[in-house]
Amino acid sequence: KHSGDRVGVFVPRPVDEAAASSAAALDAAALTDTQWEVVGRSPVPVLLPGDAGLTSAARLSGPHWYAASMITPDHSVYIQGSRGAYEHDQVALDAPGDALTARPYTITRIHQILTLSFERFGVSYAIDVDCQRPMDDPKCVEDGYAVGLYESALVARGGVR
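Residues numbered from 1 in each chain as written. Predicted model: local features only at pLDDT ≥ 70, side-chain atom pairs only at ≥ 80, totals over all residues. Heavy atoms only, no water.

Draft legend 1. Spotlight on the overall build of the chain. When you go through the chain residue by residue, the secondary structure sums to six helices and 10 strands. Here the chain, with 161 residues, has 35% of them falling under the buried criterion. Partitioning the contacts of the chain with sequence separation of at least 6, the portion at a separation of at least 24 is 62%. By element, 55% of the accessible surface of the chain is carried by carbon and sulfur atoms, the whole surface being about 9000 Å². (Helix = DSSP H or I, 4+ residues; strand = E, 2+ residues; numbered from the N terminus. Buried < 20%, exposed > 50% of the residue type's maximum accessible area, 1.4 Å probe, protein only. Contact = heavy atoms within 4.5 Å. Areas by Shrake-Rupley, 256 points an atom, 1.4 Å probe, with all protein chains shown as cover.)

Draft legend 2. How the structure looks around the pattern of salt bridges. Taken as a whole, this structure holds five salt bridges when the rule is applied. A salt bridge links Asp 136 to Arg 133; the shortest N-O distance between them is 2.6 Å. Here the two residues Asp 136 and Arg 133 agree in accessibility, since each one is exposed. (Salt bridge = Lys/Arg side-chain N within 4 Å of Asp/Glu carboxyl O.)

Draft legend 3. Main features of the sheet that holds strand S4 (residues 65–71). Strand order in the open sheet formed by six strands is S3-S4-S5-S9-S8-S7, with antiparallel pairing between adjacent strands. Taken across any chain shown, the strands that pair with only one partner, and hence form the sheet edges, are strand S3 (59–61) and strand S7 (106–110). Each strand axis lies, on average, 15° off the axis of its neighbour in the sheet, ignoring direction. Inspection of the sheet shows S3 paired to S4 by three bridges, in the antiparallel sense. Following the sheet pairing, Ser 61 is matched in S4 by Ala 67. Packed on one face of the sheet, helix H6 (residues 144–152) meets strand S5 (75–82), S7, strand S8 (113–120) and strand S9 (123–131) and runs near 30° to S8. (Pairing = 2+ DSSP bridges. Axes fitted to C-alpha atoms, helices over the stretch in contact; angles between N-to-C directions.)

Draft legend 4. Spotlight on the environment of Ala 57. Examined against the element boundaries, Ala 57 turns out to sit in the loop between helix H3 (52–56) and S3. Here Ala 57 falls in the partly exposed class, since its relative accessible area comes to 32%. On a C-alpha basis, the gap between Ala 57 and Met 70 in space is 5.4 Å, while along the polypeptide they are 13 residues apart. Setting aside chain neighbours within four positions, we find Ala 57 in contact with Gln 35, Ser 69, Met 70 and Ile 71.

Draft legend 5. Region of interest: the side chain of Thr 55. For Thr 55, the position within the fold is in helix H3. Taking relative accessible area as the criterion, Thr 55 reaches 1% and is therefore assigned buried.

Draft legend 6. Just the layout of surface pockets, in detail. Approximately 200 Å³ is the volume attributed to the second largest pocket. Together, 14 residues line the second largest pocket, and Glu 17, Val 44, Pro 45, Val 46 and Ala 156 are the ones closest to its centre. Sorting the residues of the lining of the second largest pocket by element identifies helix H1 (17–22), helix H2 (33–41) and strand S10 (154–156) as the ones contributing at least two each. (1 Å grid on protein atoms, 1.4 Å probe; cavity = no way out; pocket = protein on both sides within 12 Å on 5 of 7 lines; lining within 4 Å. Points joined across faces, edges and corners; volume = space filled by probe spheres on them.)

Below, the structure written as structure tokens:
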């Protein structure tokens, strides 16, 4: 039911720069100069896993957002961050809906791809884990691997080393 003038209006949200600058940082040696150049252009704090094997393989992109693609032989990890949000005046949450927004993250699975979504620094992030054998690989069947990536995420600061 529509109760407002705006339906799905895109609103860029402010980034909490103070929280981002005080968060644990990625080691400068973890990325190449080319990767740091992309980090330097990102309009949102770039979060990457603390796993050096994944981070060294990260391909970064995005002018108004960032995305990191990390591919290994048995699975891929994708992390995206955007400060944009769509506001819907007509949507009112009930008590169960409010409870969902209080969680630190939400995990969903669509077509056997695990997605862990969360907000940090006023930015919306998503970590996708896509396994070669999604029905057999614990990284996709269980939540622990994605939660570990979420918990180990570090902020890549600055630009070129």
